[in-house]
Each structure stands twice: as C-alpha cells, then as structure tokens.
Amino acid sequence: MDILTIHNLHKTFGKGENSVKALNGIDLTIEKGKFTAIIGASGSGKTTLLHMMGGLDTPDEGEVIVDGVNVSGLREKELAVFRRNKVGFIYQNFNLVPTLTVKENILFPLSLAGSAVDQEFLKEMIEVLHLEERLHSYPHELSGGGQQRVAIARALIAKPAIVLADEPTGNLDSRSGQNVLGLMKLSVETYHQTLVMITHNLEIAQMADRVVRIEDGSIRAQGG
Ligand SMILES: Nc1ncnc2c1ncn2[C@@H]1O[C@H](COP(=O)(O)OP(=O)(O)OP(=O)(O)O)[C@@H](O)[C@H]1O
Ligand SMILES: [Mg+2]
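Here's a quick rundown of the structure. Just so we're clear, the structure is a prediction, and the values are computed from it rather than from any experiment.

Definitions and limits used
Residues numbered from 1 in each chain as written. Chains lettered and ligands numbered in written order. Predicted model: local features only at pLDDT ≥ 70, side-chain atom pairs only at ≥ 80, totals over all residues. Helix = DSSP H or I, 4+ residues; strand = E, 2+ residues; numbered from the N terminus. Rg over C-alpha atoms; globule rule 2.2 N^0.38 Å. Buried ≥ 20, exposed ≤ 12 C-beta atoms within 10 Å, placed from the backbone. Contact = placed C-beta atoms within 7 Å. Core = buried A, V, L, I, M, F, W, Y, C linked by C-beta atoms within 7 Å. Pairing = 2+ DSSP bridges. Axes fitted to C-alpha atoms, helices over the stretch in contact; angles between N-to-C directions. Near = placed C-beta within 6 Å. Nonpolar A, V, L, I, M, F, W, Y, C, P; charged D, E, K, R; others polar. Right-handed = clockwise from strand over helix to strand, strands pointing away. Parallel < 35°, antiparallel > 145°, perpendicular 65-115°, else oblique. Left-handed = near helix turned anticlockwise from the far one by under 90°.

## Here we look at the overall build of the protein chain
Then, in step 1: Within the protein chain, the secondary structure is distributed over seven helices and ten strands.
Then, in step 2: Taking 17 Å as the expected radius of gyration for a compact globule of 224 residues, we find that the protein chain reaches 17 Å, a close match to that expectation.
Then, in step 3: The buried share of the protein chain, reckoned over its 224 residues, is 38%.
Then, in step 4: Within the protein chain, contacts between residues at least 6 apart in sequence are counted, and of these 71% link residues at least 24 apart.

Okay, here's the thing in structure tokens:
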C-alpha cells in the first residue's frame, strides 16, 4: 500500500534572473512501512522535497497526497493540523526544546495535540532507544547521539503516517551515527513506520529498503 504519492511536483524559489528551480516535475510513491533513502548532491532539491512531503512548504504545481490527504490543497491552519497528526520530523540539529526534560520533549507532540499518551508504547520505545536513565535530564546533558535518540522517540510517539528525517546522523560521529541509525531502523521495523530519510552517507543509504536519487530537482534513479 502506498502511504505517500507525489505527482508532478514543481517549485521555484525567487523571481527572474535569480530564481532557482528546486523541484522540476517529481513523481514518486512511497510504500507504507518501508525505509526510503533520498540521496543527491548538495542543492539538488532533497530538503525542498522533504518539506513538501511534510506540509512545511507548498509546491507551485503538482500534488502531494499523504495517507489519503491532499496536502497541496490545505490552508495554513489545516496544514498545521496535518503536520501534527500525520508527520514526525527528525532534523540534523535535533531541535529539542532546551527547557524541557527528555520525557517532556518526547511527549511534546502529544501535549500540543492534547492527545492521550499510550503508556505501553512510551515505555517500550524508551527501552528500545536506551533512554530509561535519561528521562529527567535536559537535552544539553546528553551527547549528540542521546539527543537524536530523544528526537526519534518524539517523532514516533504520535504514531505518524510518515517519519521524515533530514540527515539525522549528519552531526554525529560515525559510531553514534551508526547506533542511532540502527535504533531508528529497529523502531521503524518494530512499529511498521514509514521512514523517508535524506542522507549523504552511502553506507546509510544501503540500509534502506529503497534508494531514490535526485539530480537538479528531478528523480534520476530509484532502487528497491
Ligand atoms: N527558501 C529558499 N529560498 C531560496 N532558495 C532556496 C530556498 N530553499 C532552497 N533553495 C534553493 O533550492 C535549491 C535546492 O535546495 P535544497 O535545500 O532542497 O537542496 P538539498 O538537496 O537539500 O541540499 P543540501 O544537501 O545542501 O542540504 C538550492 O539551489 C537552494 O539554494
Ligand atoms: Mg538539504
């Protein structure tokens, strides 16, 4: 089953001489429960594409359909609800709230939505991600790898339709990067999550079920 369908996506930034065509007619479908890696040179349009998938930016032309919702047709308010209910984001620089504890950070999406906490799921994920001992710590007290494990838990807690990660191991040394990635893959498999991850690291891309290569705003090659 496809959880995400993208049709003929176009995006240009700026106007006239200085304009940049970031996406040039992207067609792509993402299967539910699969780990897809997106690779491509710097400036090829990867982040722009990921932002469109997550309703963080709107295309000039084309469609993004996530879990039956036509994202391109939503207004700003509806987009916020869509992001909250359907998407988990993981960034290179973790983006945790510094004044909240690890546990509060993990539960943050649910607090925002006013949704109940699935205590069983929370407990299990904390174990899988080795965060038992850190629940009452603050982000700055954790290593980069620790902070990224918190960000993973936060992205998964609301059981979103898709998890979108933009170079999640880019700021980690290669060992903690591998650890974090292994845990991410494990949690995605355990919870049948759909994961789309941008990476420059070919070793990481090899762990994916499928690799999509972007060149100059177009899809050049797809594996898997
Ligand atoms: N908000 C913006 N305003 C103007 N230009 C932008 C904006 N966002 C992206 N671009 C341009 O669009 C093109 C694609 O950018 P994008 O960030 O998607 O690339 P990327 O593949 O993620 O690159 P990197 O690997 O360096 O992160 C680039 O030329 C970039 O400069
Ligand atoms: Mg990018």
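## Overview of the nonpolar core
Then, in step 1: Counting residues in hydrophobic clusters, the biggest one holds 55 residues, and the most contacted among them are I38, M53 and A153.
Then, in step 2: In this view, M53 contacts L4, V64, V66, I162, L164 and V196; residues no more than four positions away in its chain are not counted.

## Some points on unusual backbone geometry
Then, in step 1: One non-glycine residue, F94, lies in the positive phi region at around 65°.
Then, in step 2: On the secondary structure map, F94 appears in the loop between β6 (87-90) and α3 (102-113).
Then, in step 3: Take F94: there are 21 C-beta atoms within 10 Å of it, and that puts it in the buried class.
Then, in step 4: Its identity as a non-glycine residue notwithstanding, H192 has a phi of 50°, on the positive side.
Then, in step 5: Relative to the assigned elements, H192 resides in the loop between α6 (174-190) and β8 (195-198).

## Here's the deal with the pairing of strand β4 (residues 61-66)
Then, in step 1: With five bridges joining them, strand β1 (residues 2-13) and β4 adopt antiparallel strand pairing. Across the sheet, residue I6 finds its bridge partner in β4, namely V64.
Then, in step 2: Two strands pair when backbone bridges link them, and β4 and strand β5 (residues 69-70) are joined in this way by two bridges, in the antiparallel orientation. Within β5, the position partnered with V66 by the bridge is V69.
Then, in step 3: The hairpin formed by β4 and β5 contains two residues between the paired strands, and D67 there has a positive phi angle of roughly 50°.

## Overview of the sheet that holds strand β2 (residues 20-31)
Then, in step 1: Overall, antiparallel pairing links the four strands, which are arranged β2-β1-β4-β5 in an open sheet. Where the open sheet ends on each side, the last strands, each with one partner, are β2 and β5.
Then, in step 2: The sheet strands contacting helix α1 (residues 46-53) are β1, β2 and β4, and the helix crosses β2 at an angle near 55°.

## As for the site of ligand 1
Then, in step 1: Lining the immediate surroundings of ligand 1 are F13, G14, V20, A22, G40, S42, G43, S44, G45, K46, T47 and T48.
Then, in step 2: Elements that contribute at least two residues to the shell around ligand 1 include exactly β2 and α1.
Then, in step 3: For the shell around ligand 1, the element with the most residues is α1, which contributes three residues.
Then, in step 4: The residue inventory of the shell around ligand 1, partitioned by class, reads three nonpolar, eight polar and one charged.

## So, the pairing of β8
Then, in step 1: Burial along β8 is two-sided: L195 and M197 and V196 and I198, pointing in opposite directions, are all buried.
Then, in step 2: Here strand β3 (residues 35-39) runs beside β8; their pairing, made up of four bridges, is parallel. Looking at the pairing, T36 lines up with V196 of β8.
Then, in step 3: Direction of pairing for strand β7 (residues 162-166) relative to β8: parallel, over a ladder of four bridges. Residue pairing for β8: V163 is matched across the bridge by L195.
Then, in step 4: Crossover β7 to β8 through α6 is right-handed.

## Some points on the packing of α3 against helix α5 (residues 144-156)
Then, in step 1: Put simply, α3 and α5 touch, their axes get as near as 7 Å, and they point 30° apart. Classified by the angle their axes make, α3 and α5 are roughly parallel. Viewed along their axes, α3 and α5 form a crossing whose handedness is right-handed. Taken together, the residues of α5 that come into contact with α3 (itself represented by V102, N105, I106, F108 and P109) are V150, A153 and R154.

Any functional reading would require information that these geometric values do not contain.
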